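Below are the chains, spelled out letter by letter.
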Amino acid sequence: MKKIAKIFLCVLFISISMISCSQGNKGGKISNTNKTLIIYYSASGTTEKVAKELQRKTKGDIYFIKTNMPYSTDQEVLGKEMALERENGNIRELSGELPDLSNYDLILIGGPVWSGEPSNPIQKYLSITDFNGKKVAGFWTAYGEPGDYANVFKKLVKNVELHEGLSLINTDVSNEKELESKINTWLSTLGIL
Ligand SMILES: Cc1cc2nc3c(=O)[nH]c(=O)nc-3n(C[C@H](O)[C@H](O)[C@H](O)COP(=O)(O)O)c2cc1C
């Protein structure tokens, strides 16, 4: 009788272990082994809105790129600061500790288009980061003309498995339905939704 009880307990233990394992796998496609990090810069909040929506959808982590000196909030002055830094090949430094990428499988990097290219802080971040073969995709927002953003981004991003980016214009971002639809389509192509 004792033997039968032992066998019964053994079978019960194995069954419970199998059930909890299978439930663990059901916890959505985003798990500890498929984690997303959203890294972004935003001067006036448009890309930030997209970044936050991406975080909400992916349940990933989010990191805002800061510069050691802020850019002007006056667009005209900001344009001059941007141009001067590009001319001199001397973009201002970033501040704060940069994120440790080792815990992430997918890294989404977003920022505004500045004169047809990634904004200076994004250029700076890409120029100092080795992604160590990670899966990376960019997203960007423009008033209307993203220019050469995708190509410049591709040239600057080092050592990655680069996936198709998400190019948005300001009217896409201000239209909630349009934004959600574009984000959903993009995340599906990345295998997230
Ligand atoms: C210096 C500067 C340059 C810009 N260059 C472009 C451009 O080449 N093409 C475009 O469509 N929009 C351009 N814009 C508009 C921004 O890309 C657009 O408004 C963006 O969504 C702002 O994002 P943010 O709020 O996250 O900074 C520029 C804006 C600034 C400040």
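The structure presented is a predicted model; accordingly, all values stated were derived computationally and were not measured. (Residues numbered from 1 in each chain as written. Predicted model: local features only at pLDDT ≥ 70, side-chain atom pairs only at ≥ 80, totals over all residues. Heavy atoms only, no water.)

Draft legend 1. A look at the side chain of T47. Structurally, the position occupied by T47 is in helix α2 (residues 46–58). Overall, the relative accessible area of 1% leaves T47 in the buried class. Beyond its immediate stretch of four places on either side in the chain, T47 contacts Y41, S42, G110, G111, P112, F139 and T141. (Helix = DSSP H or I, 4+ residues; strand = E, 2+ residues; numbered from the N terminus. Buried < 20%, exposed > 50% of the residue type's maximum accessible area, 1.4 Å probe, protein only. Contact = heavy atoms within 4.5 Å.)

Draft legend 2. Quick peek at the site of the ligand. Inspection of the region around the ligand gives 20 residues, with S42, S44, T47, T141 and E145 positioned closest. The contact in question runs from an oxygen atom of the ligand to an N or O atom on the backbone of A43, over 2.8 Å. Taking T47, its side chain carries an N or O atom lying 2.6 Å from an oxygen atom of the ligand. Looking at the shell around the ligand, the elements with two or more residues in it are α2, α3 (75–88), β5 (106–114) and β7 (130–142). (Near = heavy atom within 4 Å. Polar contact = N/O pair within 3.5 Å; in protein donor to acceptor, adjacent residues only side chain to side chain.)

Draft legend 3. The arrangement of the confidence of the model for the protein chain in detail. This prediction gives the protein chain a mean pLDDT of 88; 83% of its residues lie at or above 70. Taken together, the stretch residues 9–32 has pLDDT below 50 and engages in eight contacts with residues farther than four places along the chain or on a different chain. (pLDDT = per-residue confidence, 0-100.)

Draft legend 4. Seen up close, the packing of aromatic side chains. For the structure shown, the criterion picks out eight aromatic pairs. Plain terms: the ring middles of Y149 and F153 are 6.2 Å apart, the flat faces sit at 15 degrees to each other, and that makes the pair stacked. Residue Y149 and its partner F153 are located together in helix α5 (residues 149–156), separated by four residues, close to a single helical turn. Three or more aromatic residues joined by ring pairs make a cluster, and in this case those are Y40, Y41, F64, Y71 and W114. (Phe/Tyr/Trp six-rings, centres within 6.5 Å; stacked < 30°, edge-to-face > 60°.)

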